[in-house]
Amino acid sequence: MYTKGLLIILSGPSGVGKGTICKELMKKYDYKVSISATTRTPREGEVDGVNYYFLDKDVFKFKIKNNEFLEYAEVYGNYYGTLKSQVEEELDKGNNIILEIDIQGSMQVQKVFKNAVYIFLLPPSINELKSRILKRGSETESSFNLRFSAVSEELKYMDSYDYAVINDDVDNAVERVNGIIKTEMSRISRMNLEKFINGYVF
Ligand code: 5GP
């Protein structure tokens, strides 16, 4: 009944819990989440091809030149990007796919995908955000400062998103994101109802 899959963009400040929400959405509802490429070094426990494709800067730049990215951006001093191959095939198959990307990337996607669903994830408070980044234990002092100082600038772009979800509790936030996706899938403009209605017998 759906012609194409739905592209869902999930953005928000570093440490807000985008990764956790995506993991739960995959586990609980079988959503597909695009695996991004990055030049950042892997954190402990991160696996190449699972969390990210970890690339050398030269390889990343080659892929930029080769037009392989749907979007890419320099975020907190490293390159991150969504490979077209990750997205196009899934959408063509009618599958929904989630991009967990930063605001600059979202702006680029908005130029190409007017029909995508843009969701901004918010922390319940600034103090909570601070403690979540610190608890992760993966940032140096300078990388923490870089991420934290970007927050107020990032919040200015919230108006260009369709929905805001406050991540006060993971289960609640997951339900709200799932609710948004289900609602968006019921939009008449997204459904191919003609064939279905033609099958009605009056
Ligand atoms: P982290 O280093 O914490 O994994 O990610 C840092 C930031 O990069 C996060 O805001 C995350 O959403 C963003 N990010 C991850 N993948 C991509 C991507 O493919 N494109 C863009 N533009 N941002 C990304």
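Refer to the structure presented above.
Note that the structure is predicted; figures quoted are calculated from it, not measured.

A.B. asks: Break down the sheet that holds strand E4 (residues 53-54) for me, with residues and values.
C.D. replies: Strand pairing in a sheet is mediated by backbone hydrogen bonds. Such pairs are either parallel or antiparallel. Strand order in the open sheet formed by four strands is E4-E3-E6-E5, and the pairing between neighbours is mixed. Edge positions in the open sheet fall to E4 and strand E5 (69-75), since each of these has one partner strand only. Helix H2 (residues 57-65) contacts strand E3 (37-38), E5 and strand E6 (78-83) of the sheet and is inclined by roughly 45° relative to E6.

A.B. asks: Which residues make up the site of the ligand, and what values go with them?
C.D. replies: Ser36, Arg40, Tyr52, Tyr80 and Asp102 are the nearest of the 17 residues found near the ligand. Within the contact set of the ligand, an oxygen atom lies 2.6 Å away from a side-chain nitrogen or oxygen of arginine 40. Between the ligand and aspartate 102 there is a distance of 2.7 Å, counted from a nitrogen atom to a side-chain nitrogen or oxygen. Because more than half of its atoms lie within 2 Å of the grid, the ligand is assigned to the largest pocket. Those elements that place two or more of their residues in the shell around the ligand are E5 and E6. Split by residue class, the shell around the ligand holds six nonpolar, four polar and seven charged.

A.B. asks: Could you give me a rundown of the packing of helix H1 (residues 18-29) against helix H8 (residues 170-185), with the residues and numbers involved?
C.D. replies: Following both chains from N to C, one finds H1 and H8 inclined at 70°, their axes separated by 10 Å at the closest point. The angle between the axes of H1 and H8 places the two elements in the roughly perpendicular class. Of the two possible hands of crossing, H1 and H8 adopt the one that is right-handed. From H1, Thr20, Ile21, Glu24, Leu25, Lys28 and Tyr29 reach across to H8, where they touch Val170, Ala173, Val174, Glu175, Val177 and Asn178. Residue composition of the contact of H1 with H8, grouped by class: seven nonpolar, two polar and three charged.

A.B. asks: Could you give me a rundown of the layout of surface pockets, with the residues and numbers involved?
C.D. replies: Approximately 1,200 Å³ is the volume found for the largest pocket. Of all the secondary-structure elements, those providing two or more residues to the lining of the largest pocket are H1, E5, E6 and helix H5 (126-136). In the lining of the largest pocket, the residues fall into 12 nonpolar, 13 polar and 15 charged. Space inside the second largest pocket adds up to approximately 450 Å³. If you list the elements that add at least two residues to the lining of the second largest pocket, you get strand E8 (117-122) and H8. When the residues that make up the lining of the second largest pocket are grouped by side-chain class, the tally is 10 nonpolar, six polar and six charged.

A.B. asks: Could you give me a rundown of the pairing of E6, with the residues and numbers involved?
C.D. replies: For E6, the buried fraction is high: five of the six residues fall into the buried class. Of the pairings in the sheet, the one linking E5 to E6 comprises six bridges and is antiparallel in character. Considered in E6, the bridge of glutamate 74 is made with tyrosine 79. In textbook terms, the turn of a hairpin is the stretch between consecutive antiparallel strands, and for E5 and E6 this stretch comprises two residues, one of which, tyrosine 76, has a positive phi near 45°.

Rules used throughout
- Residues numbered from 1 in each chain as written.
- Predicted model: local features only at pLDDT ≥ 70, side-chain atom pairs only at ≥ 80, totals over all residues.
- Heavy atoms only, no water.
- Pairing = 2+ DSSP bridges.
- Helix = DSSP H or I, 4+ residues; strand = E, 2+ residues; numbered from the N terminus.
- Contact = heavy atoms within 4.5 Å.
- Axes fitted to C-alpha atoms, helices over the stretch in contact; angles between N-to-C directions.
- Near = heavy atom within 4 Å.
- Polar contact = N/O pair within 3.5 Å; in protein donor to acceptor, adjacent residues only side chain to side chain.
- 1 Å grid on protein atoms, 1.4 Å probe; cavity = no way out; pocket = protein on both sides within 12 Å on 5 of 7 lines; lining within 4 Å.
- Sits in = over half its atoms within 2 Å of the grid points.
- Nonpolar A, V, L, I, M, F, W, Y, C, P; charged D, E, K, R; others polar.
- Parallel < 35°, antiparallel > 145°, perpendicular 65-115°, else oblique.
- Left-handed = near helix turned anticlockwise from the far one by under 90°.
- Points joined across faces, edges and corners; volume = space filled by probe spheres on them.
- Buried < 20%, exposed > 50% of the residue type's maximum accessible area, 1.4 Å probe, protein only.

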